[in-house]
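Summary of structural features
Chain residues, written in single-letter form:
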Amino acid sequence: MIQTLAFYLFALLVIASGVFTITARNPVHSVLWLIMAFFNAAGLMVLVGAEFIAMLLVIVYVGAVAVLFLFVVMMLNIDFAEMRAGFIKNFPLGIAIALVLLAELVLGIGAYKAGALELGVADGSAAPMIGESNITSLGTLLYSKYIFLFEAAGIILLVAMIGAIVLTLEKSAADVRGQQDIGKQNRRRPEDATEMQNPEVGKGVEL
Amino acid sequence: MDFLLSFQLSAPEIILAVAGLVLLMVAAFAGNKSAQTVTYLAIASLVAAGAVVVELFTNDALSQGADAWSGLYRMDAFGNFTKLLIYLATIGCLIVTPKFFDAKGEYRPEYPVLMIFGAVGMGIMVSAVDLMTLYIGLELSSLSSYVLASYSRSDERSAEAGLKYFVLGALASGILLYGMSLVYGFTGSTSYLGIRAALADGMGTGALFGVVFVLAGLAFKIAAVPFHMWTPDVYEGAPTPVTAFFATAPKVAAIAITMRIALDPFGAQSDAWQQIIIFAALASIVVGALGAIGQENIKRLLAYSSINNVGFILVGLAAATEAGAAAMLVYLAIYVAMSLGSFVAVLMLRDKDGNQVENISDIAGLSRSHGLLALCLAIMMLSLAGIPPLFGFWGKFVVFQAAVQADMIILAALGIAASVIGAFYYLKIVKIMYFDDPADVVEAKGETSRWVVLLVTTIFVSPLGYLLTPWLGDLAARAASAMFFVI
Amino acid sequence: MFDPLEYLPILIFMFIALGISVLFVFLPMGVSRLTGVHEPTTEKNSEYECGFPAFEDPRSPFDVRFYLVAISFILFDLEAAFLFPWAVSLEYTGWAGWTAMMVFLGILAIGLAYEWKMGALNWE
């Protein structure tokens, strides 16, 4: 009973937040509504027993992705009036894409009914449960069978880090100006810096 | 799981990954002045990884291939062949790069490090026998590519290319992932073996949708029509050495995974995807040939040329036979040499201020001022067009031969007819270089390293390349049979 | 096995928290509306900026360095997310699982060292 109630509450709030995300006038508000949607989706995940996914939604999506969205929205400084004009201009195109997606969704559901959807291992039996919660099962698989992919995922994170630094890090002012090097200044001799020339009358000096 | 065996079988990736990490530290602590050293070390580590691949390739005990990492990764002749191509292409690109960025003072040691990690990702991709491994490898190589595309920070076109590549690449990854989730849902397995077993006696509508989405996502990555729109813009905008890289190594990897996924897990249901591949092949050949005709920019032209070539390669896949797969691999090897050579030649075209020359009109009469360069570029163009004495013809020949053997005579005939249209713009470039009045814009100064890459690739595509056909054909046949071994 | 009723206390907690915060926000508003004088005019409602109409967007673009900080945060956040299932499954994965995580942390430690050395963590 209480589960049904909670399901409808979370589901309603996800849909409502989703609608507000795309209708909000201010992109910052959109992001805040998106965070609300993530939270409620996390609630739904708890209801179906996927506690780890719920935790990931809160930690990664709410904690990090939404913050990144917020930064990007603030960084880009979008001209809302222009964006709105673009929205009206592209409205028919948007509707067309939405219709295509709807058709795909309907077809997908049709296919879902037609085919035999069997989750589990290849021979049709359900995957064995290890430990007492699905986090334990997930961890056991991830850190034994999927070790190789786990380390590769670590390298993907590393590449993302390198990419962010290569593409956005400006040279700090100190690097560009150069630090004062007293030894270098003392070693400098007049011969290094000046050049004696004896130009003929009427001729200039090549600089 | 036998860790020792797994380490041995995936040694090329592990060597490269460790080398990448070490070089990253060198880059961080030694600063920008280490860029040259890091490049040489990166080349050395690629050579080392290549040597390990050769060792695994020639190891008789492992000639049938072996699974590693609990069936996620498979070392076999197919993976080894494509990995060698990928490493060679990456080495070639690394050799010609530093001078390009040095001119603007933009060369940094991160560049070779990103290339190395890209090569790791591509190696994982071509050895993947599980959808999860495939996806992780694909993301690793794509992520490196996005960064490389927008590497030139002073150039707005480079930033634009990076952004376009990223947005469309992410879309393609999404489509691919959706298809994979459908395939997993309807077959109950992510491993190729499991999918193949589940699809052995017929395929439902749901799994068919999965296959279509997976192929659509992969078509994006190999830039086959109708998912080719990003290619000209990205190839034009990205810095030329990066474009050379995109046209070679990631393309080999993407075509290799398309082959493996079509022939291995979906191999029993080839009727389901053959029509799609036939359409993509013919459309790519025609669009690539027609799109190139009006181009003014030589990099855009080469982008259309790569779309055109992907079409020819897919003709071999449409045949869905072992001979077709072997033909594709031969074509891929020749294609890598041709595009690497063409891009290196383009890279050497510079005006007297050191800026890159990219307009086709500017290379008019190149044969009179820079004879050897013009000759090399002309050989590349004629080879891309498939004019008989050159090696490019051999690639087209084996692919069409495979199609004819698989009773796809109409496809072969249409492909050959379309390749005649394609020959037009390649010949146009040769004509401009040899018969037009000199524009005298190009002031090419030869760097030894670039000449080496250009001459090696030119000799490979020249008629001398035919001496290699028995050897190359044998390797390709071994690699192709590795995929049909499971049947 | 999983029992969603374990989460009942937190659901009740959320309801109470929501109720109290709604009360705190709307009670003063309602009370002031009922007790105070409420006569809005156009002049009262219009925005006021030093006597002249607003002529530029009040929001200025963010520094791109915020983005770098956010990216680093996401990456290390994901790393932390990987630690949870690792910690609870260590008894099943044993030394192999332990080593795997140490290698993973090592890779990201190299990333951190790189970031630090490049000055991405410095604000100025």
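Just so you know, these numbers come straight off a predicted model, no measurement behind them.

1. Here we look at the overall build of chain B
- Within chain B, the regular secondary structure consists of 20 helices and two strands.
- Computed over its C-alpha atoms, the radius of gyration of chain B comes to 21 Å, within 12% of the 23 Å expected for a compact globule of 487 residues.
- By its C-alpha atoms, chain B is 65 × 60 × 40 Å across when sized along the principal axes.
- Within chain B, the proportion of its 487 residues that are buried is 61%.
- A separation of at least 24 residues holds for 80% of the contacts in chain B among residues at least 6 apart in sequence.

2. A few points about the interface of chain C and chain A
- Listed as interface residues are 45 residues of chain C and, on the opposing side, 46 residues of chain A.
- A total of 18 residues in the side of chain C that touches chain A trace back to one element, the largest contributor, which is helix α3 (residues 64-88) of chain C.
- Each residue belonging to the side of chain C that touches chain A can be placed in one class, and the counts come to 34 nonpolar, seven polar and four charged.

3. Some thoughts on the confidence of the model for chain A
- Mean pLDDT over chain A stands at 80; residues scoring 70 or higher make up 82%.
- Between the elements of chain A, mean pLDDT differs from a low of 49, seen in helix α8 (residues 173-177) of chain A, to a high of 92, seen in helix α7 (residues 147-168) of chain A.

4. Some remarks on the nonpolar core
Residue and element names in this part refer to chain B.
- Ranked by internal contacts, the top residues of the largest apolar core, which has 248 residues, are Ala318, Leu329, Tyr331, Leu332 and Val399.
- At 20 residues, the largest contribution of residues to this core is made by helix α14 (residues 322-347).
- In contact with Leu329, not counting residues within four places along its chain, are Phe81, Ala476, Ala479 and Ala480.

5. Here's the deal with helix α10 (residues 230-237) of chain B
- Taking burial as the measure, the eight residues of α10 of chain B include six buried ones, the bulk of the element.
- The inward-facing, buried residues of α10 of chain B contact α6 (131-149), α7 (156-187), α11 (240-263) and α13 (298-319) of chain B.

6. As for α6 of chain B
- For α6 of chain B, built from 19 residues, the straight-helix expectation of 27 Å at 1.5 Å per residue is met to within 8% by its first-to-last C-alpha distance of 26 Å.
- The buried count for α6 of chain B comes to 18 of 19 residues, which makes it a mostly enclosed element.

7. Notes on the environment of Leu215 of chain B
Residue and element names in this part refer to chain B.
- Mapped onto the elements of the fold, Leu215 is located in helix α9 (residues 205-222).
- With 24 C-beta atoms counted inside 10 Å, the residue Leu215 sits in the buried group.
- Separated by 61 residues in sequence, Leu215 and Ile276 place their C-alpha atoms 8.3 Å apart.
- Ignoring anything within four residues of it in the chain, the contact list for Leu215 reads Trp273 and Ile276.

What counts, and where the lines are drawn
- Along each chain, numbering runs from 1 in the same order as the chain's sequence is written.
- For naming, the first written chain is A and the first written ligand is 1, with later ones following in the order written.
- Local features in this predicted model are restricted to residues whose pLDDT is 70 or higher, and side-chain atom pairs enter the listing and the counts only when it is 80 or higher, whereas totals over whole chains, interfaces and linings include all residues.
- Put simply, DSSP H or I for four residues or longer makes a helix, DSSP E for two residues or longer makes a strand, and each gets a number counted from the N terminus.
- Just to be clear, the radius of gyration here is over C-alpha atoms, and the globule rule we use is 2.2 Å times residues to the power 0.38.
- Partly exposed residues are those whose C-beta has more than 12 but fewer than 20 other C-beta atoms within 10 Å; 20 or more makes a residue buried and 12 or fewer makes it exposed, with C-beta atoms placed from the backbone.
- The contact criterion used is a C-beta to C-beta distance within 7 Å, with each C-beta placed from the backbone.
- Each residue is assigned to one of three groups, with Ala, Val, Leu, Ile, Met, Phe, Trp, Tyr, Cys and Pro labelled nonpolar, Asp, Glu, Lys and Arg labelled charged, and all others, Gly among them, labelled polar.
- pLDDT measures how confident the predictor is about each residue, on a scale from 0 to 100.
- We define the nonpolar core as any set of buried residues of the types Ala, Val, Leu, Ile, Met, Phe, Trp, Tyr and Cys, connected via C-beta atoms lying within 7 Å of each other.
- In this analysis, the expected span of each helix is defined as 1.5 Å times one less than the number of residues it contains.

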